[in-house]
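The chain contents come next:
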Amino acid sequence: KSKGFQYQSVKNSVRIVPDSSPDVEILVPADHGMATLNRRLRIVAEASDDHGLAKAWLVYSIDGHNEERMALPDIDGTRRRLEYDLVLKDKIPALAEGAKLEFRIEVGDTYPVAVHLSQTASRHLTIVDEEQYLAWFRRELDTQRDEIQRAREAEETSAAKVRELKRQESK
């Protein structure tokens, strides 16, 4: 009203919404794990912002020392699925067997006054040799197989109970 606008009814209104920081979440890898120097690390994240996305970085540290930032390809739009494949030894040359790599994704929006930044939760990778990695991978695979077997047995038990209830109902 102080700027000279005249409103005749309640239908006309202006709502000012402040810009918020982007949202970003790592989907893959889903948890902490192990890797070798030659491993191709696949990172998948979801990012969104009400104003628009602009930049992304991989923020990492080795054994908790000296956090580094690696620029990732620019992003645009208000919602994006970010997918990156990194060969660890090529992108992070200081990495060695026995090290612990901590990383996260950081994104910035396109807000013109000041860029808002947000980061994901961190993921951790222990860098091991090929033999240790294969042993870990086998354990992870066995764990998943056991979970599948338990789910299958529970499904078979449930199906048998349903068949029994149907038989009793028909009697």
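Residues numbered from 1 in each chain as written. Predicted model: local features only at pLDDT ≥ 70, side-chain atom pairs only at ≥ 80, totals over all residues. Heavy atoms only, no water.

Visitor: Any details on the overall build of the protein chain? Residues and values, ideally.
Guide: The number of helices and strands found in the protein chain is two helices and nine strands. Listing the helices and strands of the protein chain from first to last along the sequence gives β-β-β-β-β-β-α-β-β-β-α. Here the C-alpha atoms of the protein chain give a radius of gyration of 25 Å, more than 25% beyond the 16 Å that 2.2 N^0.38 yields for 171 residues. Projected onto the principal axes, the alpha-carbon positions of the protein chain cover approximately 75 × 65 × 20 Å. The burial tally for the protein chain puts 30% of its 171 residues in the buried class. Of the contacts made within the protein chain by residues no fewer than 6 positions apart, 69% connect residues no fewer than 24 positions apart. (Helix = DSSP H or I, 4+ residues; strand = E, 2+ residues; numbered from the N terminus. Rg over C-alpha atoms; globule rule 2.2 N^0.38 Å. Buried < 20%, exposed > 50% of the residue type's maximum accessible area, 1.4 Å probe, protein only. Contact = heavy atoms within 4.5 Å.)

Visitor: Any details on the pattern of salt bridges? Residues and values, ideally.
Guide: In the structure shown here, the tally under the stated rule is 12 salt bridges. The shortest N-O distance in the salt bridge between Glu-83 and Arg-81 comes to 3.1 Å. A residue is classified by how much of its surface remains accessible, and Glu-83, at 41% relative accessible area, is partly exposed. For Arg-81, a relative accessible area of 45% puts it in the partly exposed group. What you see here is one network of salt bridges that share partners, running through Arg-42, Glu-46, Arg-79, Arg-81, Glu-83 and Asp-85. (Salt bridge = Lys/Arg side-chain N within 4 Å of Asp/Glu carboxyl O.)

Visitor: Talk me through the packing of aromatic side chains; I want residue IDs and the actual numbers.
Guide: Here the structure, examined in full by the defined rule, presents two aromatic pairs. Between Tyr-133 and Trp-136, the aromatic rings sit 5.6 Å apart at their centres with planes inclined by 40°, giving tilted as the arrangement. Residue Tyr-133 and its partner Trp-136 are located together in helix α2 (residues 130-170), separated by three residues, close to a single helical turn. Both residues of the pair, Tyr-133 and Trp-136, belong to the buried class. Chaining the aromatic ring pairs together yields one cluster made of Tyr-133, Trp-136 and Phe-137. It is Arg-69 that lies over the ring of Trp-57; its NZ or CZ is 4.5 Å from the centre. (Phe/Tyr/Trp six-rings, centres within 6.5 Å; stacked < 30°, edge-to-face > 60°. Lys NZ or Arg CZ within 6 Å of the ring centre and 35° of its normal.)

Visitor: Lay out the environment of Met-34 with the relevant residues and their values.
Guide: In this fold, Met-34 is placed in strand β2 (residues 33-35). Placed 36 residues apart in sequence, Met-34 and Met-70 show a C-alpha to C-alpha distance of 21 Å.

Visitor: Just give me the short version of the layout of surface pockets, but keep the residues and values in it.
Guide: A volume near 280 Å³ is recorded for the largest pocket. The wall of the largest pocket is formed by 15 residues, among which Asp-31, His-32, Gly-33, Trp-136 and Glu-140 lie closest to the centre. Secondary-structure elements contributing two or more residues to the lining of the largest pocket are β2 and α2. Considering each element in turn, the lining of the largest pocket owes the most residues, six residues, to α2. Residues of the lining of the largest pocket, tallied by class, amount to nine nonpolar, three polar and three charged. (1 Å grid on protein atoms, 1.4 Å probe; cavity = no way out; pocket = protein on both sides within 12 Å on 5 of 7 lines; lining within 4 Å. Points joined across faces, edges and corners; volume = space filled by probe spheres on them. Nonpolar A, V, L, I, M, F, W, Y, C, P; charged D, E, K, R; others polar.)

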